[in-house]
Amino acid sequence: MFSRILVANRGEIALRIIRTCKELGIETVAVYSKADKDALYLQYADAHVCIGPGESDGSYLNIPSIISAAEITDIEAVHPGYGFLAENSHFAEVCESSNIVFIGPSSEVMTKMGDKTQARNIAVENKIPVIPGSDSAIENQQHALKVAHEIGYPVLIKASFGGGGRGMRVAHNDMSLVNSLAIAQREAKVAFKDSSIYMEKYIEPSRHIEVQIVADKYGNVIHLGERDCTIQRRHQKLLEQTPAPNLKDQLREDICKAAIKLAKAVNYTNVGTVEFLVDGEGKYYFIEMNTRLQVEHPVTEMVTGIDLVKEQIRIAHGERLNLRQKKIKSEGVSIECRINAEDPDNGFRPYAGKITMCSAPGGKGVRVDSHVYAGYEVPPYYDSLLGKLIVHKKNREEAIACMKRALSEYRIEGVKTTIPLHLNIISDPRFVTGDIDTHFVENLMDEK
Ligand code: MV4
């Protein structure tokens, strides 16, 4: 097993990874920007190295700085967490060429799945349902109009190297399509350094269902069930849950099988997530594959009892999966609420500032993955996630009751948070019955 790992991330996920490393007897090296000099996770790492200024480009996205930190601390592997460099195939390549094990898939698989049009075509080749759309990047206006007339409006324009809904634009007719194309290409160029876009039929209403994959380096691939991530606001996930409510068993089985098929088709290794949409008639469609550990991985850990970070590290170390699909049992219901420092009275804009008081909930079935404490200054440079509140109970009714109790117990003062929004969501009868789609949050907020 590795003796020392560098955690190339910050906040709650850095703390999460350090915890599992400690349990495995692995030393950890944390990296931090000047803005994170008082971060909680640094106290639990065996060593820490400042890698640059608060701005991400100078620190958590600064590959030479992170590799230098790796060299001077003589580590054997790097865990990228999520976000930042977690799906940066160049970073994975630099690790590989620096003789540092990258805890994740190979850089070539990352590149393959990072191109959403290539991922779609691999799904088509493996007879996995995809949303009707363009089988390659859109070359010009004529191509876009031709595809739109073939699939019918509304259509969705997506960035080929985007993901997570970033840069998505809906077009309802030729005029709005032509106007949106240039904007979408410009946004893609700025956000993803590549202006390539593709198109799909806009499926609505829909639900967002993703499947957790774990795969070793010897061709063993298993799934750990699905997560329903439909509760989003402007493509930012807010609440995730497993099992997906109101999902027929046959559909669940078909989706999980399709996820395994795709992972095997690309020789996936390590932990990954295959994302699907389910439409109003219960048909499912592959949308993309994420080649990283996801923010919402704890709900899967709670129902399966499997430590996903431990599995990542073991697989990266070359160990065979000691999990068998038949032995995977999902027990109970788990729900995660993302507690963000955002101002609900100001369009949920990030709310930086000092946390003056912080008291997290506890009790049976409650898990809090958070890095914040009283006196912690929420930096303005990074995402607004303060922590994740996760509950696990034997059924959905108890899980919802527990989440409601835990949310009302959670005290964070000094910054505004999404706690009130989560209380509204979890108390809504349609959430309770699982009658949700991708417009749930905007409808709830319109009603409020
Ligand atoms: C879609 C879609 C409808 N039609 N693609 C959003 C995140 C990214 N992983 C893919 N997402 C979607 N892709 C087609 N062709 C709906 C979503 C979607 C969504 C869209 C708008 C508002 C909230 C959403 C929540 C989940 C998924």
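> Would you explain the layout of surface pockets in this entry?
In this approach, a probe sized like a water molecule rolls over the atoms, and the result shows the empty space that is left. Here the second largest pocket defines a volume of roughly 680 Å³. A breakdown of the residues in the lining of the second largest pocket according to their chemical character gives 11 nonpolar, 11 polar and 11 charged. Three or more residues apiece are contributed to the lining of the second largest pocket by two domains, here domain 2 (132-201) and domain 3 (206-447).

> Looking at this model, I keep getting lost on unusual backbone geometry. Mind explaining?
Cis peptide bonds are those with omega within 30 degrees of zero, and the linkage from Y153 to P154 qualifies with -5°. The residue P154 is located in the loop between α7 (141-151) and β6 (155-159) in this model. P205 follows E204 through a cis peptide bond whose omega is -5°. Secondary-structure assignment places P205 in the loop between β8 (197-201) and β9 (206-215). A positive phi is found at N99, a non-glycine position, where the angle reads about 60°. Among the secondary structure elements, N99 is positioned in the loop between α4 (89-97) and β5 (101-102).

> Whenever I open this one, the packing of aromatic side chains confuses me. Can you help?
Two descriptors summarise a pair of aromatic rings, namely the distance from one centre to the other and the angle between the planes of the rings. Under the counting rule described, the total for this entry stands at 8 aromatic pairs. Aromatic pair Y60 and Y382: ring centres 5.4 Å apart, planes at 80°, arrangement edge-to-face. One end of the pair, Y60, is in the loop between β3 (47-52) and α3 (63-72); the other, Y382, is in the loop between β20 (377-378) and β21 (385-393), and 322 residues separate them in sequence. Residues Y60 and Y382 agree in their burial class; the two are buried. Aromatic pair F276 and F286: ring centres 6.3 Å apart, planes at 75°, arrangement edge-to-face. With F276 in strand β12 (residues 270-279) and F286 in strand β13 (residues 284-290), this pair connects stretches of sequence that are 10 residues apart. For F276, a relative accessible area of 0% puts it in the buried group. By relative accessible area, which is 0% here, F286 ends up buried. Members of the aromatic cluster, connected to one another through ring pairs, are Y60, F84, Y381 and Y382. Lying across the ring of F431, R396 places its NZ or CZ 4.9 Å from the centre.

> Explain α7 to me, please; I cannot follow it from the model alone.
Each α-helix winds once per 3.6 residues, and so residues spaced three or four apart point in a common direction. Among all positions in α7, only H143, A144, L145, V147, A148 and I151 are buried. Elements that come into contact with the buried residues of α7 comprise β6, α8 (174-192) and β8. Capping of α7 at its N-terminal end is provided by N140; its side-chain oxygen lies 3.1 Å from the backbone amide nitrogen of Q142. Downstream of α7 by a residue or two, G152 has a phi angle that is positive, lying close to 85°.

> How do you make sense of the side chain of S384 when you look at a structure like this?
Within the fold, S384 resides in the loop between β20 and β21. Residue S384 is classed as buried on the basis of its relative accessible area of 10%. When near neighbours in sequence (up to four residues on either side) are disregarded, S384 contacts I339, N340, A341, E342 and P350.

> I tried to follow the sheet that holds β8 on my own but got confused; where do I start?
On the basis of which strands lie adjacent, the open sheet formed by 3 strands has the order β7-β6-β8 and antiparallel pairing. Single-partner strands in this sheet number two, and they are β7 (169-171) and β8. With strand direction ignored, the average angle separating the axes of adjacent strands in the sheet is 30°. Here β6 runs beside β8; their pairing, made up of 5 bridges, is antiparallel.

Each value, and the rule that gives it
Residues numbered from 1 in each chain as written. Predicted model: local features only at pLDDT ≥ 70, side-chain atom pairs only at ≥ 80, totals over all residues. Heavy atoms only, no water. 1 Å grid on protein atoms, 1.4 Å probe; cavity = no way out; pocket = protein on both sides within 12 Å on 5 of 7 lines; lining within 4 Å. Points joined across faces, edges and corners; volume = space filled by probe spheres on them. Nonpolar A, V, L, I, M, F, W, Y, C, P; charged D, E, K, R; others polar. Domains from an automatic or database assignment. Helix = DSSP H or I, 4+ residues; strand = E, 2+ residues; numbered from the N terminus. Phe/Tyr/Trp six-rings, centres within 6.5 Å; stacked < 30°, edge-to-face > 60°. Buried < 20%, exposed > 50% of the residue type's maximum accessible area, 1.4 Å probe, protein only. Lys NZ or Arg CZ within 6 Å of the ring centre and 35° of its normal. Contact = heavy atoms within 4.5 Å. Polar contact = N/O pair within 3.5 Å; in protein donor to acceptor, adjacent residues only side chain to side chain. Pairing = 2+ DSSP bridges. Axes fitted to C-alpha atoms, helices over the stretch in contact; angles between N-to-C directions.

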